[in-house]
Amino acid sequence: MTSCKPPKAAHNEPGAHDVHSYGNPDRARVKHIGLDLEVIFDQRTVKGTAVLTIDQFALPAKQAKREIVLDTRALQIDKTEVSPDGLKYTEGRFDMGKSDPILGAPLHIDLAPDTKFVRVSYSTSPSAAAALQWLAPEQTAGKEHAFLYTQGEAILTRSWIPLQDSPAVRVTWDAHVKTAPGLKAVMSAPNCLDANDCHFVMDHPVPSYLIALAVGDLQFQATGPRTGVWAEPSVLAGAAAEFSDTEKMVEAAEKLYGPYRWGRYDLLVLPPSFPFGGMENPCLTFATPTVIAGDKSLVSLVAHELAHSWSGNLVTNATWSDFWLNEGYTVYFERRILEQIYGKKRTDMEAVLGYQDLQDELKSQPAKDQILNVNLDGRDPDDGMTDIPYEKGALFLLEIEQKFGRAKLDLYLKDYFDRFAFRSITTKESLEYMRQHLFAQDPDAALKIPVNAWVYQPGLPATAPKPESEAFQAVDTAIAAWMKGQTIDTAQWSTQEWMHFLRGLPEHLDAAHMKKLDAKFHLTASKNNEILAQWLLMAVRNRYAAANARLDGFLTTVGRRKYVKPLYAAMLTDATGAKHAVAIYARARPLYHPITQTSIDALLASRAEAK
Ligand code: BES
Ligand code: ZN
């Protein structure tokens, strides 16, 4: 059997320290967090207390200091108190360490031997809270009310809650959130329908990056008995129609890998500046409105975030080097859900588009970052967020499916989610379990899978599956015909077929060709954001000025990083484009979430350096 052992001692072994947290959970570990917070829009701050329930572990005899260490980033700490019983508190000493641009600063709090509770009084920075985006009314759909939301993954929760911000430290939590009258707060927990004073309780232990909050003019519409949509009133009906298959998706997922354990599954539709497609916050996935296309053609995003309710939220990557355990398993699972609901044709097309993304990523990433169990020591975990953990991770499971058969893999995965439910595990632990519980059952099949190459080596192993789509073969024929100047029949094409068509055209097209494409297919006017972003990229690359107004409008409303980053990058390839990029960004930057700002700042800076 192929060995699952890493070639040499890997970083971030089980029990090893999470290099992205200052926390000391081996000495004193947070078990529960009680939040009492006020969201103050006119000061752009979240202010209040966090009561941490902690376990202390035996100290080595000579250890001088009895303390708990928390992560913080740009937090103002006003006071820390300790208590043996959660009733009587005494103010204690704390010390804030030096701040690192990626990790923030450790907060050391002295403990007494009998301390069970630590209360921290704090407020978030109005300008430097990296998890928070404060939106002015003009940036919302309704244009009347302010909006706030958080994005915790990977290591940003520490910018709004002082805690041990490692995915290996799981906590239960509850929260009281006060906000302005007329606004509604929702969280990554069961949500109540009442307008104002909500108390939230998450009684399953979750990693810190899954604690999330949003406040705005939000209303709810059900899409099924345990599914529904939260959104601003003007987008609610459209969102509920787009996501009306969500209940079916939950049923399909349960049929595959066991019960949905989080009670409700709702979606929150955010304003278009949301930096991601979706974020799998428990009970309440946060989603970009850019997937509301009117024809459900982009709802694989829902299948993806829902799948995280098993891969990611139940069984969590212990460190950010194990991120592929979250995302690779989820992409595989997402496509299994899609196949059940939308069939094989659609799923095959999505798998091929994913494979194309992976091939592009493999061309642009250095060898060391093509490894699933990637080394992120000294780096921002965000650097590991490429298509590699997603698509290479999913292909690894697809190869296992092909060699062992679906039935065996499905039984194995169901058992895996059960066995590690509400736990955080490393790559090594997951492979050890796979070796014992799947590979041992069929050693001949196991021999065919180069696990070591998949997980610890760059590129793809020679045995890697290559997804194929029959529908795309027809599109390839259409591309060839179009290039010969023939007319093509696109009337029945789905979004995925359009994507394959646009990607399959030559990278360099002259002005007349761009104009002809636009005249024939109305691409600049496309209301499908996936198609539009692809077309705008072609427009930038080919300096097609007729799309400039649309490009400007897109970049100054949409903050989804997957779309905006390639557009700025393409503009930066020559001096005229760079000027254009700088001019648009000057207006757009204040409208983006800090995550997108950081990425585009870095892009512009690296270009300036290159000069
Ligand atoms: N968990 C991720 C988003 C994420 C990853 C946020 C790393 C911060 C750090 C989420 O599940 C995701 O993968 N979203 C994708 C959409 C999906 C359909 C591939 C996205 O936002 O593009
Ligand atoms: Zn994901």
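Residues numbered from 1 in each chain as written. Chains lettered and ligands numbered in written order. Predicted model: local features only at pLDDT ≥ 70, side-chain atom pairs only at ≥ 80, totals over all residues. Heavy atoms only, no water.

Asks: Please give an account of the packing of helix H16 (residues 575-588) against helix H17 (residues 594-610) that cites residues and values.
Replies: Running from amino to carboxyl end, H16 crosses H17 at an angle of 150°, the nearest separation of the two axes being 12 Å. One way to sum up the angle between H16 and H17 is to call them roughly antiparallel. Note that H16 runs across H17; the crossing there is left-handed. Residues Ala575, Ala578, Val582 and Tyr585 of H16 form the contact with H17, whose own contacting residues are Gln597, Ile600, Asp601, Leu604 and Arg607. Within the contact of H16 with H17, the residues separate by chemical class into six nonpolar, one polar and two charged. (Axes fitted to C-alpha atoms, helices over the stretch in contact; angles between N-to-C directions. Helix = DSSP H or I, 4+ residues; strand = E, 2+ residues; numbered from the N terminus. Parallel < 35°, antiparallel > 145°, perpendicular 65-115°, else oblique. Left-handed = near helix turned anticlockwise from the far one by under 90°. Contact = heavy atoms within 4.5 Å. Nonpolar A, V, L, I, M, F, W, Y, C, P; charged D, E, K, R; others polar.)

Asks: Got a sec to walk through the packing of aromatic side chains? Specific residues and values, please.
Replies: In the structure shown here, the tally under the stated rule is 35 aromatic pairs. Centroid distance Tyr412 to Tyr433: 6.1 Å. Interplanar angle 40°. Geometry classified as tilted. Here Tyr433 lies in helix H7 (residues 427-437) and Tyr412 lies in helix H6 (residues 406-419), a separation of 21 residues in the sequence. Assessed through its relative accessible area of 4%, Tyr412 is described here as buried. In this structure Tyr433 comes out as buried when scored by relative accessible area, which is 8%. Residue placement shows Arg119 over the ring face of Tyr89; its charged tip is 3.9 Å from the ring centre. Over the face of the ring belonging to Phe420 we find Arg419, whose NZ or CZ atom lies 4.7 Å from the ring centre. (Phe/Tyr/Trp six-rings, centres within 6.5 Å; stacked < 30°, edge-to-face > 60°. Buried < 20%, exposed > 50% of the residue type's maximum accessible area, 1.4 Å probe, protein only. Lys NZ or Arg CZ within 6 Å of the ring centre and 35° of its normal.)

Asks: Could you give me a rundown of the coordination of the zinc ion (ligand 2), with the residues and numbers involved?
Replies: Protein-derived coordination of the zinc ion (ligand 2) comes from His304 (NE2), His308 (NE2), Glu327 (OE) and Glu327 (OE), at a distance range of 1.9 to 2.8 Å. Around the zinc ion (ligand 2) sit six donor atoms, and with donor-metal-donor angles ranging over 52 to 160° the site reads as irregular. In the primary structure, the donors to the zinc ion (ligand 2) are separated according to the pattern H-x3-H-x18-E. Residue classification places His304 among the buried positions, given a relative accessible area of 9%. Residue His308 is classed as buried on the basis of its relative accessible area of 0%. (Donors = N, O, S within 2.8 Å, 3.2 Å for Na, K, Ca; no water. Tetrahedral: all angles 85-135°; square planar, octahedral: opposite > 155°, others 65-115°.)

Asks: Tell me about the pairing of strand S11 (residues 170-178), residues and numbers included.
Replies: Two elements, strand S1 (residues 28-40) and S11, share seven bridges in a ladder whose sense is parallel. When the sheet's bridge partners are listed, His32 is paired in S11 with Thr172. The sheet contact formed by S11 and strand S13 (residues 198-207) spans seven bridges and is antiparallel. If you follow Asp174 over to S13, its bridge partner there is Val201. (Pairing = 2+ DSSP bridges.)

Asks: Got a sec to walk through the domain arrangement of the protein? Specific residues and values, please.
Replies: According to the domain assignment, the protein contains domain 1 (1-131 + 149-180), domain 2 (318-456) and domain 3 (506-610). A C-alpha centroid distance of 32 Å is found between domain 2 and domain 3. (Domains from an automatic or database assignment.)

Asks: Tell me about the site of ligand 1, residues and numbers included.
Replies: Around ligand 1 sit 15 residues in total, of which Glu153, Gly277, Glu280, Glu305 and Tyr390 are the nearest. Gly277 is positioned such that a nitrogen or oxygen atom in its backbone is 2.5 Å from an oxygen atom of ligand 1. His308 places a side-chain nitrogen or oxygen 2.9 Å from an oxygen atom of ligand 1. Among the secondary structure elements, those contributing two or more residues to the shell around ligand 1 are strand S18 (278-279), helix H3 (300-307) and helix H4 (323-364). No other element matches H3, which puts three residues into the shell around ligand 1. Of the residues contributing to the shell around ligand 1, the split by class is six nonpolar, five polar and four charged. (Near = heavy atom within 4 Å. Polar contact = N/O pair within 3.5 Å; in protein donor to acceptor, adjacent residues only side chain to side chain.)

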